[in-house]
Amino acid sequence: MDPELLEKARNVNGFMPEDEGLALHAIAHHGAERGTIVEIGTWCGKSTLYLADAARAHGRQVVTIDHHRGSEENQPGWEHHDPTLVDEQAGRIDTLPHLRRNLVDAGREIEATITVIVGRSKQVATLFRPDTIGMVFIDGGHSEEEAQGDYEAWAPLIKDNGLLAVHDVFPDPKDGGQPPWHVVERALKSGAFEQVGHVGSLRVLERVGPGH
Ligand code: SAH
Ligand code: MG
């Protein structure tokens with residue numbers, strides 16, 4: 001990874017530990033060989049920078065999707081609330097201006113590699129054609145409904161041999177919430193995906209067949 005961009009990624013507000021970010025970057029090289037990279041859950045763009053450094057090397061885009069209002073655990077009173085991200089006028093979290101600033105800071109080339117979509121994951125998925133995406137990285141809402149919904153909406157859009165990466169996967173409930181793990185279990189059980197990588201809470205699967 002470009003050392004200057006890595007230093008910038010380190011300083012972005014977010015939820016991507018460096019070892020997992022570097023693993024994501026390595027896997028994104030394989031994803032970008034296959035096609036466009038889609039990220040669900042931008043927040044302020046930390047993971048996006050790891051993805052974009054790899055996509056840039058292959059002349060591919062990272063399409064990153066978020067409604068920018070934060071997940072449940074980011075709301076006031078919850079564990080991961082950050083009051084500096086609240087838009088006072090709207091009275092709601094708004095991470096979009098922070099993302100935009102971080103992308104400017106990352107430099108023109110990286111900014112031009114990233115397509116920012118403000119919207120709900122499931123709605124945005126309807127705009128893509130099946131079997132077209134090189135890699136999908138799911139790091140959006142962590143409730144069972146949202147995690148499963150992301151899988152259902154995005155898995156069929158991944159091309160054959162394309163990659164599905166899932167963040168915050170904790171098989172043991174002592175370590176964290178279960179929905180992302182349930183998504184991985186479901187993907188493996190479907191026979192449509194096989195696991196090809198695992199670093200910390202990051203799992204990487206490859207699409208090996210139809211169905212999901
Ligand atoms: N990848 C980020 C962290 C993402 S946090 C990093 O590296 O730091 C999860 C994000 O998912 C939040 O920004 C939240 O707004 C977004 N999100 C949750 N549910 C969503 C949905 N249904 N559609 C779009 N974005 C969603
Ligand atoms: Mg995460």
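A quick note: this is a predicted structure, and the numbers were derived from the prediction, not measured.

Participant: Kindly report on the site of ligand 1, identifying the contributing residues and their values.
Facilitator: Taken together, 20 residues sit near ligand 1, with Phe 15, Gly 41, Ser 47, Asp 66 and Asp 139 positioned nearest. Here an oxygen atom of ligand 1 and a backbone polar atom of Phe 15 are 2.8 Å apart. A distance of 2.8 Å is found between a nitrogen atom of ligand 1 and a side-chain nitrogen or oxygen belonging to Asp 139. Against a free-state accessible area of 580 Å², the protein chains account for coverage of 96% of ligand 1. A molecule is said to occupy a pocket when more than half its atoms come within 2 Å of that pocket's grid points, and by this definition ligand 1 occupies the largest pocket.

Participant: Tell me about the side chain of Arg 203, and name the residues and values.
Facilitator: Summarising the element assignment, Arg 203 is placed in strand β9 (residues 202-207). Asp 175 provides the closest opposite charge to the buried, unpaired Arg 203, separated from it by 8.7 Å. At 3.2 Å, the side chain of Arg 203 forms a polar contact with the side chain of Gln 195. Excluding its chain neighbours within four sequence positions, the residues that come into contact with Arg 203 are Leu 164, Ala 165, Val 166, Val 169, Pro 171, Trp 181, Val 184, Gln 195, Gly 197 and His 198.

Participant: So, the packing of aromatic side chains: which residues are in play, and what are the values?
Facilitator: Under the criterion given, the structure shown has three aromatic pairs. Judged by centre distance (5.3 Å) and plane angle (50°), the ring pair of Phe 15 and Trp 43 falls under tilted. With Phe 15 in the loop between α1 (3-11) and α2 (18-34) and Trp 43 in the loop between β1 (37-40) and α3 (46-57), this residue pair connects regions lying 28 residues apart in the sequence.

Participant: If you had to explain the side chain of Asp 168 to someone new, which residues and values would you point to?
Facilitator: Tracing the sequence through the fold places Asp 168 in the loop between β7 (158-166) and α8 (179-190). We note that Asp 168 is buried and unpaired, the nearest opposite charge coming from Arg 203 at a distance of 11 Å. There is a polar contact of 3.1 Å between the side chain of Asp 168 and the side chain of His 167. The contact partners of Asp 168, leaving out residues within four places of it in the chain, are Asp 139, His 142, Gly 177, Pro 180 and Ser 201.

Participant: Please give an account of the layout of surface pockets that cites residues and values.
Facilitator: What the largest pocket holds in volume is close to 880 Å³. Around the largest pocket, the lining comprises 38 residues; the ones closest to its centre are Ser 71, Asp 139, Gly 140, Gly 141 and His 142. Going through the elements one at a time, α3, β2 (62-66), α6 (121-125) and α7 (144-154) are the ones with two or more residues in the lining of the largest pocket. By residue class, the composition of the lining of the largest pocket is nine nonpolar, 18 polar and 11 charged.

Participant: Give a detailed account of α2, specifying residues and quantitative values.
Facilitator: With 17 residues, α2 extends 24 Å from end C-alpha to end C-alpha; this agrees with the ideal 24 Å at 1.5 Å per step. Taken as a whole, α2 carries its principal kink of about 25° at Ala 28.

Participant: Tell me what's going on with the packing of α7 against α8, and back it up with residues and numbers.
Facilitator: For the pair α7 and α8, the least separation of the axes is 8 Å and the interaxial angle reads 35°. The handedness of the crossing between α7 and α8 is right-handed. Across the interface between the two elements, Glu 144, Ala 147, Gln 148, Tyr 151 and Glu 152 from α7 touch Pro 179, Pro 180, His 182, Val 183, Arg 186, Ala 187 and Ser 190 from α8. Broken down by class, the residue content of the contact of α7 with α8 amounts to six nonpolar, three polar and three charged.

Participant: Tell me what's going on with the pattern of salt bridges, and back it up with residues and numbers.
Facilitator: What the rule picks out here adds up to eight salt bridges. Residue Asp 131 is joined to Arg 207 by a salt bridge in which the shortest nitrogen-to-oxygen separation is 3.3 Å. Note that Asp 131 is positioned in the loop between α6 and β6 (133-138) and Arg 207 in strand β9, a separation of 76 residues in sequence. Here Asp 131 falls in the partly exposed class, since its relative accessible area comes to 45%. Residue Arg 207 is classed as buried on the basis of its relative accessible area, which comes to 6%. Each of Glu 7, Arg 10 and Glu 18 takes part in a single network of salt bridges with overlapping partners.

Parameters at a glance
- Residues numbered from 1 in each chain as written.
- Chains lettered and ligands numbered in written order.
- Predicted model: local features only at pLDDT ≥ 70, side-chain atom pairs only at ≥ 80, totals over all residues.
- Heavy atoms only, no water.
- Near = heavy atom within 4 Å.
- Polar contact = N/O pair within 3.5 Å; in protein donor to acceptor, adjacent residues only side chain to side chain.
- Areas by Shrake-Rupley, 256 points an atom, 1.4 Å probe, with all protein chains shown as cover.
- 1 Å grid on protein atoms, 1.4 Å probe; cavity = no way out; pocket = protein on both sides within 12 Å on 5 of 7 lines; lining within 4 Å.
- Sits in = over half its atoms within 2 Å of the grid points.
- Helix = DSSP H or I, 4+ residues; strand = E, 2+ residues; numbered from the N terminus.
- Buried < 20%, exposed > 50% of the residue type's maximum accessible area, 1.4 Å probe, protein only.
- Lys, Arg positive; Asp, Glu negative; His and termini not counted.
- Salt bridge = Lys/Arg side-chain N within 4 Å of Asp/Glu carboxyl O.
- Contact = heavy atoms within 4.5 Å.
- Phe/Tyr/Trp six-rings, centres within 6.5 Å; stacked < 30°, edge-to-face > 60°.
- Points joined across faces, edges and corners; volume = space filled by probe spheres on them.
- Nonpolar A, V, L, I, M, F, W, Y, C, P; charged D, E, K, R; others polar.
- Expected span 1.5 Å × (residues − 1).
- Bend = angle between axes of the 7 residues up to and from the residue.
- Axes fitted to C-alpha atoms, helices over the stretch in contact; angles between N-to-C directions.
- Left-handed = near helix turned anticlockwise from the far one by under 90°.

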